[in-house]
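The chain contents come next:
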Protein chains: 2
Amino acid sequence: MRGDQSATRTAGIIIIGNEILSGKVQDSNSFFLASGLRALGVSVMRISVIPDDVDAIGREAAWFAERFDYVFTSGGVGPTHDDVTMEGIAKGFGVRLTRHPALEARFRLRYGDSPNAAVLKMAEVPEGTEIIDLGNTRFPLVSFRNIFIFPGIPRYLREKFSLIKERFRCSPLLLKKFFLNAEETEIAETLNTIVRDNADVAFGSYPVLENPEYRIVVTLESRSEDSLQRAGEDFLRRIPTEAVVKIV
Amino acid sequence: MRGDQSATRTAGIIIIGNEILSGKVQDSNSFFLASGLRALGVSVMRISVIPDDVDAIGREAAWFAERFDYVFTSGGVGPTHDDVTMEGIAKGFGVRLTRHPALEARFRLRYGDSPNAAVLKMAEVPEGTEIIDLGNTRFPLVSFRNIFIFPGIPRYLREKFSLIKERFRCSPLLLKKFFLNAEETEIAETLNTIVRDNADVAFGSYPVLENPEYRIVVTLESRSEDSLQRAGEDFLRRIPTEAVVKIV
């Protein structure tokens, strides 16, 4: 399945886990997903890190699902007491938690004919859940409406995302970067003018410390190649030539 | 100023910046703040990453400020068009944006007597903003009610946080970690029982891949040393001795 390359799509990412909020573990999943989605043309609108809490997960999932085309969750899908993502999503959408036959069959295959209660807990999903068989991973991917439910372990999340990502591909986001040897305060006024004159280009300005060659990176982004080109030329005309270190 | 070490405090972190959502830059500020706050005893309840958007910033800041003792924002305080944190917070609380005399004086000192509009923009803050002079940093820290407004550049954020952090110190959170050579599915049921019996201890269970010695880390946290001790002993009694690799 391949996405529609003329469409524009939005996404939200929900990272579930007390270990991230308490600073015991540094989250890398949101960066992986954000850059991966961007490369597919999807605009990530929000990332939330929330605790292993049924109500918090339910509220967040429902809120995201209503606002964004796709929602990606990470974490809270294992066998222990603090894995409450499925319960949270079920609560947030007011549906029951049910044991999914395909998941149960898979766990029985893996853990033997009499899996314990903790194993069977992992087969319980919100009613209406779809199972996306990815072939070569030990667990299938689980989705509920527009929510894709990923494990928190980075290796598993990456593996699953790579297998499914093409379905999210949409109209590409084009990017141009200007590396400048100038202070932000020197170019800010120029930038303000250009931003006003180029409505379908998104501009970003980022100071860089401790680089001997440049001190700011200005980014221009658009889904239109023409607009990006025009805005880039406009920008170049208005800043001192000697400030431009490189353009990529 | 030093915090009250018998109190418990909560915090929320708001990371502002399109560059994080688009995966161009990996955020490290939320991890720095989360672990730093945790070390001071503060419980971080939520982290949001939101775009450089006045309304989004306003809504998020007001929502966080109402729910948590402290709010930390990062990003959006520079001189360019995409730096709209101050405007966002002003809008969220329905106050005016005003030029702060102490900030203006500082910028005139730094940029000369006729600073341009972009420089003066950085002196505009929500009405009621407090300036916390940190002495040895180029910019003071700005706070509005219970919101502490940090720059997005990690070096500046860290510098400022280190200078101010003691005021947030509260009742310490104690942590015990059990490194186990077992599968999560084997200990999940035991863990569920212990969790029920030890209400004032928070338990976490985290699978570890590719470590030759252990496969799970179980964490126990509490503000009570006695409770932590009791729960730790309870846990040890119920798991196979040979599974315990180390306890820290």
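Throughout what follows, the structure given in this document is the object of discussion. Since the structure is predicted, the reported quantities are computational estimates derived from the model, not experimental observations.

## Some remarks on the packing of aromatic side chains
Here the distance between the centres and the angle between the planes together describe a pair of aromatic rings.
Residue and element names in this part refer to chain A.
Okay, step 1: This structure, assessed with the given rule, holds 36 aromatic pairs over all chains.
Okay, step 2: Here F32 and F161 contribute two aromatic rings whose centre-to-centre distance is 5.7 Å and whose plane-to-plane angle is 80 degrees, an arrangement assigned as edge-to-face. Of this pair, F32 sits in helix 2 (residues 29-39) while F161 sits in helix 7 (residues 154-164), placing them 129 residues apart in sequence. Across the pair, F161 and F32 agree in class, each one buried.

## Digging into empty space enclosed by the protein
Okay, step 1: One pass over the full model with this rule turns up one cavity of 30 Å³ or more.
Okay, step 2: The volume enclosed by the largest cavity comes to roughly 210 Å³.
Okay, step 3: Residue lining of the largest cavity: 17 residues in total, with D27 and S30 of chain A together with D27, S30 and V49 of chain B positioned closest to the centre.
Okay, step 4: Those elements that provide at least two residues to the lining of the largest cavity are helix 2 and strand 2 (43-50) of chain A together with helix 2 (29-39) and strand 2 (43-50) of chain B.
Okay, step 5: No other element matches helix 2 of chain A, which puts three residues into the lining of the largest cavity.

## Considerations on helix 8 (residues 184-197) of chain B
Okay, step 1: The first and last C-alpha atoms of helix 8 of chain B sit 19 Å apart over 14 residues, in line with the 20 Å expected at 1.5 Å per residue.
Okay, step 2: Within helix 8 of chain B, the axis deviates most sharply at T190 of chain B, by approximately 30 degrees.
Okay, step 3: Taken as a whole, helix 8 of chain B has its buried residues at E184, T185, I187, A188, T190, L191 and I194 of chain B.
Okay, step 4: Check the buried side of helix 8 of chain B and you find it contacts helix 5 (101-111) and helix 6 (117-121) of chain A together with strand 9 (174-180), strand 10 (202-207), strand 11 (216-222) and helix 9 (225-238) of chain B.

## Re the relation of the copies chain A and chain B
Okay, step 1: Mapping chain A onto chain B calls for a rotation angle of 180 degrees and an axial translation of 0.0 Å; the resulting RMSD is 0.0 Å. Between the two chains, the operation in question is that of a two-fold axis. For chain A, the minimum C-alpha distance to the rotation axis belongs to S48 of chain A and amounts to 2.3 Å.
Okay, step 2: Counting the interface residues of chain A, we find that 98% of their copies in chain B are interface residues as well, pointing to one common contact surface.

## Thoughts on the nonpolar core
Most often, soluble globular proteins keep nonpolar side chains buried together rather than apart.
Okay, step 1: Grouped together as the largest cluster of nonpolar side chains are 51 residues, with contacts concentrated most on F72 of chain A together with L37 and F72 of chain B.
Okay, step 2: In contact with F72 of chain B, not counting residues within four places along its chain, are A11, G12, I13, I14, L33, L37, F148, F150, F161 and F168 of chain B.

## Focus on the sheet that holds strand 11 of chain B
Residues and elements named next belong to chain B.
Okay, step 1: Taken in spatial order, the four strands line up as 10-11-9-12 in an open sheet, and their pairing is antiparallel. Strands at the two margins of the open sheet, each flanked by one partner only, are strand 10 and strand 12 (244-247). Between one strand and the next, the sheet's axes are offset by a mean angle of 20 degrees, whatever the strand orientation.
Okay, step 2: In this structure, strand 9 lies alongside strand 11, joined through seven bridges in antiparallel fashion. Each residue of the ladder has a partner; that of L180, found in strand 11, is I216.
Okay, step 3: Packed onto the sheet, helix 8 meets strand 9, strand 10 and strand 11 and runs at close to 175 degrees relative to strand 10.

## Quick word on the interface of chain A and chain B
Okay, step 1: Contact with chain A, which involves 55 residues of that partner, is made by 55 residues of chain B.
Okay, step 2: Together chain A and chain B conceal approximately 4,600 Å² of surface at their shared face, both sides included; 57% is due to carbon and sulfur atoms.
Okay, step 3: For the chain A face of the interface with chain B, the top three residues by lost area are K24, H81 and T185 of chain A, together amounting to 14%.
Okay, step 4: For the interface between chain A and chain B, the tally reads six salt bridges.
Okay, step 5: Here R155 of chain A makes a salt bridge to E210 of chain B, at a shortest N to O gap of 2.3 Å.
Okay, step 6: Our count for the contact surface shared by chain A and chain B stands at 17 residue pairs in polar contact (both at pLDDT 80 or more).
Okay, step 7: Bridge count for strand 2 of chain A against strand 2 of chain B is three bridges, and the pairing is antiparallel. In the sheet register, S48 of chain A faces strand 2 of chain B, and the bridge partner there is S48 of chain B.

## Some words on the pattern of salt bridges
Okay, step 1: Inspection of the entire model under this criterion finds 30 salt bridges over all chains.
Okay, step 2: Between R46 of chain B and E60 of chain A there is a salt bridge whose closest N-O contact spans 2.8 Å. Highlighted residues: R46 of chain B in strand 2 and E60 of chain A in helix 3 (residues 54-67), drawn from two different chains.
Okay, step 3: With a closest N to O distance of 2.7 Å, R169 of chain B and E166 of chain B form a salt bridge.
Okay, step 4: Take R169 of chain B: its relative accessible area is 23%, and that puts it in the partly exposed class.
Okay, step 5: The exposure class assigned to E166 of chain B is partly exposed, which follows from its relative accessible area of 25%.

## Considering the sheet that holds strand 8 (residues 147-150) of chain A
Okay, step 1: With respect to topology, twelve strands assemble into an open sheet ordered 6(A)-7(A)-8(A)-3(A)-1(A)-2(A)-2(B)-1(B)-3(B)-8(B)-7(B)-6(B), the strand pairing being mixed. Each edge of the open sheet is held by one strand with a lone partner, namely strand 6 (130-132) of chain A together with strand 6 (130-132) of chain B. The mean angle between the axes of side-by-side strands here comes to 20 degrees, regardless of whether they run parallel or antiparallel.
Okay, step 2: Direction of pairing for strand 1 (residues 10-16) of chain B relative to strand 2 of chain B: parallel, over a ladder of seven bridges. What sits directly across from G12 of chain B, in strand 2 of chain B, is R46 of chain B.
Okay, step 3: Seen against the sheet, helix 4 (residues 85-93) of chain B touches strand 1, strand 3 (70-74), strand 7 (141-144) and strand 8 (147-150) of chain B and runs at an angle of roughly 160 degrees to strand 8 of chain B.

## Some remarks on the environment of V218 of chain A
Residue and element names in this part refer to chain A.
Okay, step 1: Mapped onto the elements, V218 comes out in strand 11 (residues 216-222).
Okay, step 2: On the accessibility criterion, V218 (0% relative accessible area) is buried.
Okay, step 3: Sequence separation between V218 and L180 is 38 residues, and the spatial gap between their C-alpha atoms is 7.6 Å.
Okay, step 4: Those residues in contact with V218 that lie beyond four places of it in its chain are K176, K177, F178, L180, I187, L191, G204, S205 and F235.

Rules of the game
Residues numbered from 1 in each chain as written. Chains lettered and ligands numbered in written order. Predicted model: local features only at pLDDT ≥ 70, side-chain atom pairs only at ≥ 80, totals over all residues. Heavy atoms only, no water. Phe/Tyr/Trp six-rings, centres within 6.5 Å; stacked < 30°, edge-to-face > 60°. Helix = DSSP H or I, 4+ residues; strand = E, 2+ residues; numbered from the N terminus. Buried < 20%, exposed > 50% of the residue type's maximum accessible area, 1.4 Å probe, protein only. 1 Å grid on protein atoms, 1.4 Å probe; cavity = no way out; pocket = protein on both sides within 12 Å on 5 of 7 lines; lining within 4 Å. Points joined across faces, edges and corners; volume = space filled by probe spheres on them. Expected span 1.5 Å × (residues − 1). Bend = angle between axes of the 7 residues up to and from the residue. Contact = heavy atoms within 4.5 Å. Least-squares fit on C-alpha atoms with pLDDT ≥ 70 in both. Core = buried A, V, L, I, M, F, W, Y, C linked by side-chain atoms within 4.5 Å. Pairing = 2+ DSSP bridges. Axes fitted to C-alpha atoms, helices over the stretch in contact; angles between N-to-C directions. Buried area = accessible area lost by both parts, 1.4 Å probe. Salt bridge = Lys/Arg side-chain N within 4 Å of Asp/Glu carboxyl O. Polar contact = N/O pair within 3.5 Å; in protein donor to acceptor, adjacent residues only side chain to side chain.

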